[in-house]
Amino acid sequence: MARLSEENVRLAKEIIGRYPRARSATIPLLHLAQEQDGHVTNEAMAHIGELVGATSAEVYGTASFYEMFKFEPVGKYLINICGTMSCALMGAEELMHHAEHRLGVKLGGTTDDGMFTLERAECQAACTEAPCLQVNYRYRFRVTDADFDSLVDDLKAGRLNDEIPAHGTVARVRQHIPVDRGVGAVPPEDVTEAPTWMDGKAAL
Amino acid sequence: MNTPNSTNTYPHAPGFVAGERPRIVTSRFEHADSYTLERYLATDGYAGLRAALGRPANEVHDEVKNATVLGRGGAGFPAGTKWGLTPQGVFPRYLVVNGDESEPGTYKDRLLMERDPHQLIEGCLIACYAAGLSQCFLYIRGEMALAQERVATALNEAYAAGYVGKNILGSKFSLDIVLHWGAGAYVVGEETALIESLEGNRGMPRLKPPYFPAAIGLYGQPTIVNNVETLANLPWLMRNGAEAYTAIGTKTSPGTRMVAVSGHVKRPGVYEIINGVTTFRDLIYNEEYCGGIRNGNKLMAFVPGGGSAPWFTEDQLDVPFEGPQAGAAGSMLGSGAVMVMDETTDIPAAALTLTRFYAHESCGKCTPCREGGTWLERILSRIVDGKGTDADLAQLVEVGTSICPGDFPHASSKRLGLDAVPFPYKMNTICFVGPSAYAPINSALVLFPEEFAARVTKRTMIPVTAVGAAS
């Protein structure tokens, strides 16, 4: 599948509807495409362009700026080992060497079986739990070589399937605004007045 | 008072360490289910919103102004004042919540989003009510899967229960909060880049002026960009008032702030400390906090405010968490991230981990940063690998000066007989990413010149000879 599926188009339209301008939905829709196919395909970017009112080049222009979007298939599990200061001070380089050894790939490589891609991430906001890594954006803290080995074994054996979805899916919970509760997005040019609660009186 | 028993860690909140101190934003962290609406409502949840809606919006705004709630994202600009920068009579105005936390060493927003998403939502509601903002976009860093899930769940709960959406709590206040998420780009933490990203573009900072998106922001409209922790302060503030808020901390830096201390300390952790009062010495050495340097080692240097901040050494340990004092000492408090290096640290290599970060994260818009960052990284790599020459050291300074003209801020050093150069720097770039690539190098070079001198080889000049002369 390359263009967005029927269900994803429905989700895409719901997401677009939350923004005063459709193009604001570009990044969320790119995530949707990556969730569907594991990476972002040219056809999906063209489709997103149709949905948000942009050319496929403009969508690619946006997508290519952001680290998380992949335009070629990557492993089922993307392992990001943090390499910034706090993790480096606590042995991230050594962990990376071990990981390269264990997986038999170099930094940036994917294993032959398509299971693992190994990357170096920049600061992942878990600096006190160094060295840390993320597998498909799920954390592992204070990782030792032995921890890394058992993580790889567990992933291979499918023991973490409930916790860690395949690459492409980030959050598994979506926001849903009920029709009767949502205010609705209004294009900025259609609003000229102050919101009603700004009249100098209490709202309640 | 400062006994090891006074601190607690919770298995459900890895990294966070509680203590016997006032807790404004982390009060619910002790509960394993702190992220649920049920727990939130059982612990004063949405009482601050109710208090706010019972008063006219301008009064709520004044309360926040009077409390001097300093921005917790890096610049430390007071939130109430920032809200007041929106031009009169121009609508709609938007709130963009900066949850794109990615400054090296920093994490507190992630914990606040994961552990107490309703507190953040309540803070957004109070801000929008007070400043007349008609829609809120909550931008969460792309890599933070759990934070996105927790905030999405909390928003779904809050909509269903009538705390967000149309006629909130039956009042005339209506607001949508839209969960938005990024896709991996540090520079998007800069507020105009955040807005570009939210408009569906490459996340590159906008030209300045205007200096604040409060004038021209999202879709060209007045836009307030506030940090997650800043907004998380508002529910407590509305429940307890500005007087109670300013009773904690100092007059210029009231309240508390979250600080992550990482690196070579005995107990790295995220602590909620007293603003303006707690010093770096307290934080690094007290049993209540980190309990000193690991293995009884000596402190070599520490980064006081995230990777962009010039480094401090033991000479600055008594500086408190007070912006102007940290600035006079040659650095900044930034995003509340302290990274500690002990005597075993390879200083040039440590600086390289930060410079590599900023070189990698340059968006490419400004030449001094795009080219300079990469030059700095390559030259420093060469030095770290033992292949640098003394000419490389001079080149580092030359490239650094092309990003930041004039004297770059640094700390004083008793050991070297150096005076401090106060913060901030001048810069030839639109945003702080370029200067940040040079900050660790300048700190390391100025405070530890011997570490570099030992690393480089003297370059011997080879005289130019006529072709064919050497035979």
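Residues numbered from 1 in each chain as written. Chains lettered and ligands numbered in written order. Predicted model: local features only at pLDDT ≥ 70, side-chain atom pairs only at ≥ 80, totals over all residues.

Examining the overall build of chain A
Selection rule: For the purposes of this entry, the term helix denotes a DSSP run of H or I that reaches at least four residues, the term strand denotes a run of E that reaches at least two, and both are numbered from the N terminus. Computation of the radius of gyration draws on C-alpha atoms, with the globule rule given as 2.2 Å multiplied by the number of residues to the power 0.38. We call a residue exposed when 12 or fewer other C-beta atoms sit within 10 Å of its C-beta, buried when the count reaches 20 or more, and partly exposed for counts in between; the C-beta positions come from the backbone.
The helix and strand tally for chain A stands at 7 helices and 4 strands. The C-alpha atoms of chain A give a radius of gyration of 21 Å, which is well past the 17 Å a tight globule of 204 residues would have. Judged by the C-alpha coordinates and their principal axes, chain A covers about 60 × 45 × 30 Å. The buried share of chain A, reckoned over its 204 residues, is 45%.

Structural notes on unusual backbone geometry
All names here are of chain B. Pro92 follows Phe91 through a cis peptide bond whose omega is 0 degrees. Along the chain, Pro92 falls in the loop between helix 4 (79–83) and strand 3 (94–99). Cis rather than trans, the peptide bond between Pro209 and Pro210 has omega equal to 0 degrees. With respect to the helices and strands, Pro210 occurs in the loop between helix 8 (191–198) and strand 6 (223–227). We note that Asp44 has phi near 70 degrees; this positive angle belongs to a residue other than glycine. Here Asp44 is to be found in the loop between helix 1 (37–42) and helix 2 (47–53). Non-glycine residue Asn167 carries a positive phi angle of around 45 degrees.

A word on the pairing of strand 10 (residues 337–342) of chain B
Residue and element names in this part refer to chain B. In plain terms, the rule: When DSSP finds two or more bridges between two strands, those strands count as paired.
For strand 10, a buried count of 5 out of 6 residues is recorded, marking the element as mostly surrounded by other parts of the structure. For strand 9 (residues 299–303) and strand 10, the ladder comprises 4 bridges, and the chain directions are antiparallel. Paired with Phe302 across the strands is Val340, a residue of strand 10.

Some points on helix 14 (residues 367–384) of chain B
Residues and elements named next belong to chain B. For the record, the criterion: By this rule, a helix spans an expected 1.5 Å times one less than how many residues it contains. Directions pointing from the helix axis toward each C-beta atom define the arc.
Compared with the 26 Å implied by 1.5 Å per residue over 18 residues, the 25 Å span of helix 14 between its first and last C-alpha is a close match. Those residues of helix 14 that fall on the buried side of the exposure criterion are Pro368, Cys369, Gly372, Gly373, Leu376, Ile379, Leu380 and Ile383. Axial view of helix 14: buried residues confined to an arc of 145 degrees, hence all on one face. One or two steps after helix 14, the chain reaches Gly386, where phi turns positive at roughly 80 degrees.

Details of the nonpolar core
Most often, soluble globular proteins have nonpolar side chains that are buried together. Residues and elements named next belong to chain B. Basically, it comes down to this: To count as a nonpolar core, a set of buried Ala, Val, Leu, Ile, Met, Phe, Trp, Tyr and Cys residues must be joined through C-beta atoms within 7 Å. Contact between two residues is assigned when their C-beta atoms, built from the backbone, lie within 7 Å.
Counting 219 residues, the largest nonpolar core has Val96, Cys124, Tyr129, Cys136, Leu138 and Phe302 as the members making the most contacts within it. Residue contributions to this core peak at 10 residues, all from helix 6 (residues 117–131). Setting aside residues no more than four positions away along its own chain, Val96 makes contact with Phe137, Tyr139, Leu194, Ile195, Leu198, Leu218, Thr223 and Val225.

So, the interface of chain B and chain A
Keep this limit in mind: Charged means Asp, Glu, Lys or Arg here, nonpolar means Ala, Val, Leu, Ile, Met, Phe, Trp, Tyr, Cys or Pro, and polar covers whatever is left, Gly included.
Contacts between the two partners involve 78 residues from chain B, matched on the other side by 66 residues from chain A. Counting residues per element, the ones that place at least two in the side of chain B that touches chain A are helix 3 (57–67), helix 7 (145–160), strand 5 (176–181), helix 8, strand 7 (256–263), strand 8 (269–274), strand 10 and helix 13 (347–361) of chain B. For the side of chain B that touches chain A, the leading source of residues is helix 7 of chain B, giving 9 residues. Across the side of chain B that touches chain A, the residue classes break down as 35 nonpolar, 32 polar and 11 charged.

Section: the sheet that holds strand 5 of chain B
Residues and elements named next belong to chain B. To keep it simple, the criterion reads: Lines fitted to the C-alpha atoms define the axes, with helices restricted to the stretch that makes contact. Angles between their N-to-C directions range from 0 to 180 degrees.
Across the sheet, 4 strands lie side by side as 5-4-3-6; this open sheet has parallel pairing. Each edge of the open sheet is held by one strand with a lone partner, namely strand 5 and strand 6. On average, adjacent strands in this sheet sit at an angle of 20 degrees to one another, irrespective of strand direction. Along the sheet, helix 7 contacts strand 4 (135–140) and strand 5; its crossing angle with strand 5, the most-contacted strand, is approximately 165 degrees.

Description of the confidence of the model for chain B
Using the following cut-off: As a per-residue measure, pLDDT tells how confident the predictor is, with possible values from 0 to 100.
With 97% of its residues at a pLDDT of 70 or more, chain B shows a mean pLDDT of 95. Predicted as a complex, the structure gets a pTM of 0.96 and an ipTM equal to 0.98.

Focus: the domain arrangement of chain A
Note the cut-off: Start and end positions for the domains come from either an automated domain assignment or a database one.
Its domain assignment divides chain A into domain 1 (6–63) and domain 2 (77–157). Computed from C-alpha atoms alone, the centre-to-centre distance between domain 1 of chain A and domain 2 of chain A is 30 Å.

Description of helix 4 (residues 56–63) of chain A
Along helix 4 of chain A, the positions that sit buried rather than exposed are Val59, Tyr60, Thr62 and Ala63 of chain A. All buried residues of helix 4 of chain A lie within an arc of 160 degrees about the axis, which places them on one face of the element.

Quick word on the sheet that holds strand 3 (residues 133–135) of chain A
Residue and element names in this part refer to chain A. Spatially, 2-1-3-4 is the arrangement adopted by the 4 strands of the open sheet, whose pairing is mixed. Both edges of this open sheet fall to strand 2 (116–121) and strand 4 (138–140), since each of them pairs with a single strand only. On average, each strand axis in the sheet is tilted by 25 degrees relative to the strand beside it, whichever way the strands run.

A closer look at the packing of helix 15 (residues 390–403) of chain B against helix 16 (residues 433–447) of chain B
Residues and elements named next belong to chain B. Filter applied, for reference: Any angle that is under 35 degrees is reported as roughly parallel, and any over 145 degrees as roughly antiparallel; angles of 65 to 115 degrees are reported as roughly perpendicular and all others as oblique. What makes a crossing left-handed is the near helix being turned counterclockwise from the far one by less than a right angle; a clockwise turn instead makes it right-handed.
Across the interface, helix 15 lies against helix 16 with an axial gap of 9 Å and an inter-helix angle of 140 degrees. Classified by the angle between their axes, helix 15 and helix 16 sit oblique to one another. Viewed along their axes, helix 15 and helix 16 form a crossing whose handedness is left-handed. Counting all contacts with helix 15, which are made through Leu396, Gly400 and Ile403, the residues of helix 16 involved are Gly434, Pro435, Tyr438, Ile441, Asn442 and Leu445.

Comments concerning the packing of helix 13 of chain B against helix 16 of chain B
All names here are of chain B. In contact at an axis separation of 8 Å, helix 13 and helix 16 are set at 175 degrees when each is read in the N-to-C sense. With respect to helix 16, the axis of helix 13 lies roughly antiparallel. Here Ile347, Pro348, Ala351, Leu354, Thr355, Tyr358, Ala359 and Glu361 of helix 13 come into contact with helix 16, specifically with Val433, Ser436, Ala437, Pro440, Ile441 and Ala444.

Regarding the domain arrangement of chain B
Residues and elements named next belong to chain B. Here chain B is partitioned into domain 1 (1–18 + 251–340), domain 2 (23–246) and domain 3 (346–458). In this complex, domain 1 contributes 16 residues to the contact, which on the side of domain 3 involves 18 residues. Classifying every residue of the side of domain 1 that touches domain 3 gives 8 nonpolar, 7 polar and 1 charged.

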